[in-house]
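# What the coordinates show
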Amino acid sequence: MSLVLERRVSPGLVFAGIALPGVFWGFVVALAGLNALYLCAALVGCAFILLDFRIGVVLLILLMPISSSRFFPHAMLGITGLNPLNLLLVGTLGSYLFHRLSDRSLGRFMPRPLLWLYVVPILIAGALGSRHFGDIAPILFHGLLEFDNVTGYVRDLVVKPLLIVIFALLVGAAASRSEKPEKLLIPALISVWVMGSMVILFVYLSGVTLGELASSTSREFLSALGMHANELGRMYEVSYALLLFTWAESKEPRLRFALLASMGLVMIALMLTFSRGAFLGFIVVNVLFLLWRRNLKTLIFGCLVAAVALLVLPSAVYDRVATGFGRGFGSGSNMISAGRIEFLWLPLLPEVPRSPIYGNGLGSILWSDAMRKGAGVTILAVGHPHNAYLQALLDMGVAGLIFVCAYFAHVGKGFRALSADPALSPILRGFYLGAAAGLVSLLIAYLADSSLLPRPEQAFLWLAIGMMYGQRAKAPAHKPGTG
């Protein structure tokens, strides 16, 4: 009798178990709108992640580059920071830690160079800066800053950047437990297409001409997508480097075609940003490609492609590159730097001696004397100095700048070592060499913008850093000198 009852009751219980959550979320969606739908999707994703944290890593690779766009929810149910990406990140990290603790194989999650050369200086600078929240120039709270208290300061300037580091570490953990880590490049390739298509479609649907887009007065046009044109350009230059070098080493025809098509898409999107820093980074990547391969056939082919490209480039590109050059009004070094020299770098230099060793704290430009006394008049009312090295010097001092630069030297050395490792597949060797080229191009571009701290534009770089650590974990015994 009991068996009969179980057979009769079980289907009902199963149906109730499926229907009740559906009804519950239906009510929630009706009350809270799309935010509840995003929350539901994220929680369902977390349920699958509990089975295998690598599922979460794949989703994070897909979402991380687009997480700063306007099309991605940044808050749900009115709670800032509660969004699908952060939920997936926490769920993936929790799943990883749970499974590693259960089988007693946790090991070292964060490599020592990353911890001591990079994370610790950020935490110290964040702690120093949090004490100066009350000194921030009041004018900056009107539309520039997204926080209005110390908690928001820590969230935006300390926690958010370090979440990208955690993303990289999770990628490394997934790569170390994958027989073919190169499969993690598939979601990255999809993300490249999403990010590239986003700009191309936006420009096409807007009806703006290339001449208008190249104008210095249109630099905020793409900001409607959630990222500045310069940020998008730097993201594209790194993704282009990864695609180019991976394409050169790959032996599979279908993959080579997909990579070639992706490069074409990225080059168009990069051109539409009209970011001079990105143009320079693009040139650096291609020059390194020719130098590092040291192949006469490649050199000749590259020169031919460059010549053709110079002929077919729209005149708007040349106009944008030539901005500030020439004679007369609207020319000179200050015009070339878009006002950075006179209205940012020179006013901020007196801030360096105030705390030359350990700096003034993250975001110190916000409470600098120059900003407090002349924001919008003698200094541009902006949130960063538009020079990554000057920013690090102001925020972390000489010690912090040395530590952070030493970390990126460590990363570059690791990329080059893996790119020459015969034990790796050609795809991975090309990928790591492309990562090294992308890192060099970013470090050069950072002379005139951005930050040495983790930013969404660095999503593909931190993907490569995570892959590097994962690759090392797969083969603990390395030759001396591999970093």
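Residues numbered from 1 in each chain as written. Predicted model: local features only at pLDDT ≥ 70, side-chain atom pairs only at ≥ 80, totals over all residues. Heavy atoms only, no water.

On to unusual backbone geometry. Phi at Phe274 is positive, roughly 50 degrees, even though this residue is not glycine. You can see Phe274 is positioned in the loop between α10 (253-273) and α11 (276-293). The phi angle at His386 is positive, at roughly 60 degrees, despite the residue not being glycine. One can find His386 in the loop between α16 (369-374) and α17 (388-419). (Helix = DSSP H or I, 4+ residues; strand = E, 2+ residues; numbered from the N terminus.)

Moving on, we come to a nonpolar patch on the surface. Judged by side-chain polarity, Leu280, Val440, Ile444 and Leu447 come together as a nonpolar surface patch covering roughly 300 Å² of accessible area. Structurally, the position occupied by Leu280 is in helix α11. Take Leu280: its relative accessible area is 42%, and that puts it in the partly exposed class. (Patch = residues over 30% accessible without salt bridge, like charges linked within 9 Å, V, L, I, M, F, W, Y side chains within 5 Å. Areas by Shrake-Rupley, 256 points an atom, 1.4 Å probe, with all protein chains shown as cover. Salt bridge = Lys/Arg side-chain N within 4 Å of Asp/Glu carboxyl O. Buried < 20%, exposed > 50% of the residue type's maximum accessible area, 1.4 Å probe, protein only.)

A few words now on the packing of aromatic side chains. The relative placement of two aromatic rings is captured by the distance of their centres and the angle of their planes. Taken as a whole and judged by the stated rule, the model has 17 aromatic pairs. Aromatic side chains Phe147 and Tyr153 sit 6.0 Å apart centroid to centroid with 80 degrees between the ring planes, which places their arrangement in the edge-to-face category. For Phe147, a relative accessible area of 5% gives the class buried. Judged by its relative accessible area of 0%, Tyr153 is buried. Between the aromatic rings of Phe431 and Tyr432, the centroid separation amounts to 5.5 Å while the plane-to-plane angle is 70 degrees, which identifies the pairing as edge-to-face. Across the pair, Tyr432 and Phe431 agree in class, each one buried. Three or more aromatic residues joined by ring pairs form one cluster here, namely Phe133, Phe141, Phe147, Tyr153 and Trp367. Over the ring of Trp292 we find Arg416; its NZ or CZ atom is 4.3 Å from the centre of that ring. (Phe/Tyr/Trp six-rings, centres within 6.5 Å; stacked < 30°, edge-to-face > 60°. Lys NZ or Arg CZ within 6 Å of the ring centre and 35° of its normal.)

Next up on the list: the environment of Thr298. Summarising the element assignment, Thr298 is placed in helix α12 (residues 296-312). For the pair Thr298 and Ala248, spaced 50 residues apart in sequence, the C-alpha separation works out to 9.8 Å. Contact partners of Thr298, with chain neighbours within four places excluded, come to Phe289, Leu290 and Arg293. (Contact = heavy atoms within 4.5 Å.)

Moving on, we come to the environment of Gly211. Positionally, Gly211 belongs in helix α8 (residues 210-214). Separated by 106 residues in sequence, Gly211 and Val317 have C-alpha atoms that sit 8.5 Å apart.

Moving on, we come to the pattern of salt bridges. Across all of its chains, the model carries 10 salt bridges by this definition. For Asp449, the salt bridge goes to Arg234, with nearest N and O atoms at 3.2 Å. Here Asp449 is found in the loop between α18 (426-445) and α19 (459-474), whereas its partner Arg234 is found in helix α9 (residues 229-249), with 215 residues between them in sequence. According to the relative accessible area criterion, Asp449 is buried, its value standing at 7%. The salt bridge involving Arg340 is made with Asp449; its shortest N-O contact spans 3.9 Å. Linking Arg340 in helix α15 (residues 340-348) with Asp449 in the loop between α18 and α19, this pair joins segments that are 109 residues apart in sequence. Residue class for Arg340 comes out buried when judged on its relative accessible area of 13%.

For the protein, per-residue confidence averages 85 on the pLDDT scale, and residues scoring 70 or more make up 83% of the total. pLDDT under 50 marks residues 1-33. Its contacts with residues more than four places away, or in other chains, come to 11 contacts. pLDDT under 50 marks residues 477-483. Its contacts with residues more than four places away, or in other chains, come to nine contacts. (pLDDT = per-residue confidence, 0-100.)

For the rest of this paragraph, the subject is α11. For α11, built from 18 residues, the straight-helix expectation of 26 Å at 1.5 Å per residue is met to within 8% by its first-to-last C-alpha distance of 26 Å. Turning to α11, its buried residues are Ala278, Phe279, Gly281, Val284, Val285, Leu288 and Phe289. Next to the buried residues of α11 lie α9, α10, α12, α13 (315-321) and α18. Positive phi appears at Arg294, one or two residues downstream of α11, with a value of about 50 degrees. (Expected span 1.5 Å × (residues − 1).)

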